[in-house]
Structure formats: C-alpha cells, structure tokens
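For reference, the chains in residue letters:
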Amino acid sequence: MSIVVSEPVPRPGILDIAAYVPGKEHAPGVARVFKLSSNETPLGASPKAIEAFRQSAGHLELYPDGQALALREAIASVHGLNVANIMCGNGSDELLGLLCHVYLGAGDEAIITQHGFLVYKIQIMGAGAAAIEVPEKDYTVDVDAILAAVTEKTKLVFIANPGNPTGTYVPVADIRRLHAGLPKNVILVLDAAYAEYVRKNDYEAGVELVSQNKNVVMCRTFSKVYGLAALRIGWMYGPAGILDALNRVRGPFNMNAPAIAAGAAAVRDQNFVGDAVEHNLLWKDKLTHAFETIGLTVTPSVTNFVLIHFPDIDGKRAPDADEFLTSRGYILRMVKGYGLPNALRMTVGSEEANRGVIEALGEFMGRK
C-alpha cells in the first residue's frame, strides 16, 4: 500500500536545524539608531575599495572570473602565501559549508565548542552529520575537552579563534597541541574572522600550521576589519588536496565581479586597516573600563566587540538592559542562542555610539 504525501518533504534532520537569527537592526519609534549588534566596523570600507567597486559596476553584463584570481593574488601578496593554496567564497560561510558538504555525511561527527559560531552546527547538521558540542572553560575553547570528544566518527573540528561571541583566544601553543592530538584524517578548521584585531604575541591565525600539514585549513573574512560585509567575501588557506576536493563542488561563479575588485583593493590598503585596528584598540579598552566601573563584568576581548555580563537581579538582567538600550536607539546583540542568556555582545562603534552606550548603561545600572 503506497503512502500519499501532500507536499515535498525535506530529508530527515533538516527541520531539526534551528535557523540562524542575525542581530536585530531596528528600534521602532526611535529617531536615530546605532547598530552595534553585528560586529561591523564603524570606519566603513577603504575609499580604494569603494572606487574599485564603482569601476567594476561598468561591466555588469560580464561573468566574473570564476577563479577570483585578482583577489587571490592580492591576498597572497599581502600575507606572503602561495596563491594556489587560496580559495575565495561568498563569505566564509560558504567555505565552511563546502567543508561540511564534502567531508561529512550520515554517521559522521564534527566537534564544535559550547559558545562557538552557530553556523558550524547548522552546516554540520545540513550535511547529515552529528554536531558534538564540548564545554568551554572561562568562555575559552578547551583543547582537552575537544581531544576527549574525538572518536573514530570524527571528521572535522571547528575552532573560532578568536571566539565569537566571547572575544577570547587560544594561544598558538595550545592550537598546535590540539592538532598534534588529532588523527591525520580529521580536519582542523581554524576560523580566524577577527585575526586582524588581535595584538597578542602568543596568537597565530593558522598560516604556519596550514603550511606544515595536510589536515588544517584557515578561514578569513572581509566582513569585519575591511568593512565589506555587504559584498560577502571570505577566503580559505588550505592544503592542495582539500582545496581540490572543494573546488570540484564549488559553484563556478561563486563570487561576483564587484566583490572581487573591491576585495583586492581593500586587502592592499593596509594603512586603512591599521587605522581601523587603532580605533578599535582605543575604544575596546575604554568600553571595558567604563562598564566594569559601573558594576558590570566584561570578558577580556581581543576582537572588535565586548561580551558584557549582567547581574542576576530582577530588572538588571541582559534582556532588561537590551530593552532599555533599544528604547534609546542602541542595538546590541542578545546571545541567548550561544548559551549566554544573561549577556549582551557590543560591537566597538564610533566615538558617539560608544559614549552613548556608556552613558545609557550607567543610567540603567543606577536605576532603582
């Protein structure tokens, strides 16, 4: 007896995935809004990148270069890498998804950490595999917890370094220890979206580890310090064998021409990047000090955002603060979905935005 199905049905597991919910953008009834929920740079994009985008707009009838060679060459030149080991994508999200699509299937496992980027779990489950979540220690990736979770089913390990939404980082010695403890067939994925902001002597984004091994990849983005979030540009540095496999299923024109042109110009304008990093360092420290002074706890951050923890007191919790700030036009990021229900993540914004949040949270904490 045949079963009659009235509509298309996704394969098992798809409807179990919790869709990614981005930070809110609007504050109804507020004349002016400062959006500090998505870790966008307050300095915008390099003027050179904007001009390259405009020049490219004159040839929209043409397909883009399917190899994104101009962008890959620019990245290779600035970072001292082999252009053949660089792949570009429609945001690093696409590259993370390709890794899962190619290396995971039913019965496989991939390891993520307690407060890791939500897209990892979405892509793992989308590939039909199991996402194995391990605890973090003091809001920081715990190498020993990851190694203890590895089984013969493990195929990928995802590490956001620095972490999002925590802002913490794992020293290079611990990353090397993690890699040394993994089986040769397990890929270590180092997501270094915020690497440009880090100013720590014991941090390494992943270049050397990728260069020395066949089972490590490093993902980077143009959405943060380069200010090109609207264009969706990500890149991966990886071994030839892994990139060959990904290129076999990658869309032939996965990047648009204006993004390729703007990205190439942006990465070569390192003076602009330096200005963005200096602004961030100055205000990240000021924000941390100001919030701690009014009685809040801030997780030490090496990124362009701070994770603010609120008291477990009626009227003073994170949702209360979020409502209060939104009513004044300051939009921060609720991070309940990351297992942090009593915290808010704030992007380092412009001087005006930063001072406004400091004043508003001071008023919020001082209320009876």
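Here the structure is a predicted model, which is why all the values come from computation and not from measurement.

Participant: If you had to explain the UniProt feature "modified residue: N6-(pyridoxal phosphate)lysine" (unreviewed entry) in the protein to someone new, which residues and values would you point to?
Facilitator: What UniProt calls "modified residue: N6-(pyridoxal phosphate)lysine" (unreviewed entry) maps, in this numbering, to Lys 224. Within the element layout of this structure, Lys 224 appears in the loop between strand E7 (216-221) and strand E8 (233-237). Lys 224 sits in the buried class, given a relative accessible area of 15%. Excluding anything up to four places from it in sequence, Lys 224 contacts Ser 38, Asn 39, Thr 41, Ala 193, Tyr 194 and Tyr 197.

Participant: Can you explain helix H12 (residues 351-366)? Please cite residues and give values.
Facilitator: The end-to-end C-alpha distance of H12, which contains 16 residues, comes to 23 Å, matching closely the 22 Å that a straight helix rising 1.5 Å per residue would cover. Of all the residues in H12, the buried ones are Ala 353, Asn 354, Gly 356, Val 357, Ala 360, Leu 361, Phe 364 and Met 365. Within H12, the buried residues cover an arc of 160° as seen down the axis, which keeps them to one side. Turned more than 90 degrees from where H12 packs its buried face, Glu 359 and Gly 366 sit exposed. Along its buried surface, H12 packs onto strand E1 (34-35), helix H10 (270-293), strand E10 (305-309), helix H11 (318-327), strand E11 (330-331) and strand E13 (340-347).

Participant: Lay out unusual backbone geometry with the relevant residues and their values.
Facilitator: Here Asn 161 and Pro 162 are connected by a cis peptide whose omega angle stands at 5°. Mapped onto the elements of the fold, Pro 162 is located in the loop between strand E5 (154-160) and helix H6 (172-180). In this structure, the amide linkage connecting Asn 164 to the following residue, Pro 165, adopts the cis form with an omega of 20°. Note on placement: Pro 165 falls in the loop between E5 and H6. For Ala 68, which is not glycine, the phi dihedral falls at a positive 50°. Of note, the phi angle at Asp 138 is positive, near 55°, even though the residue is not glycine. Within the element layout of this structure, Asp 138 appears in the loop between strand E4 (130-134) and helix H5 (143-149).

Participant: Account for the nonpolar core, naming residues and giving values.
Facilitator: Within the largest apolar cluster, 60 residues are counted, with the highest numbers of intra-cluster contacts made by Ile 159, Leu 188, Phe 222, Leu 228 and Trp 235. Counting residues per element, this core draws most heavily on helix H9 (residues 257-268), which supplies 6 residues. Residues lining this core come from more than one domain, with at least three contributed by each of domain 1 (23-44 + 271-365) and domain 2 (47-269). With residues up to four places along the chain from it excluded, the contact list for Trp 235 reads Ile 75, His 79, Leu 81, Ile 86, Met 87, Cys 88, Leu 95, Met 218, Cys 219, Arg 220, Thr 221 and Phe 222. Within the second largest apolar cluster, 31 residues are counted, among which are Leu 104, Ile 124, Met 236 and Tyr 338.

What counts and how
Residues numbered from 1 in each chain as written. Predicted model: local features only at pLDDT ≥ 70, side-chain atom pairs only at ≥ 80, totals over all residues. Heavy atoms only, no water. UniProt positions renumbered as here; feature names shortened; annotations may be inferred. Helix = DSSP H or I, 4+ residues; strand = E, 2+ residues; numbered from the N terminus. Buried < 20%, exposed > 50% of the residue type's maximum accessible area, 1.4 Å probe, protein only. Contact = heavy atoms within 4.5 Å. Expected span 1.5 Å × (residues − 1). Arc of directions from axis to C-beta. Core = buried A, V, L, I, M, F, W, Y, C linked by side-chain atoms within 4.5 Å. Domains from an automatic or database assignment.

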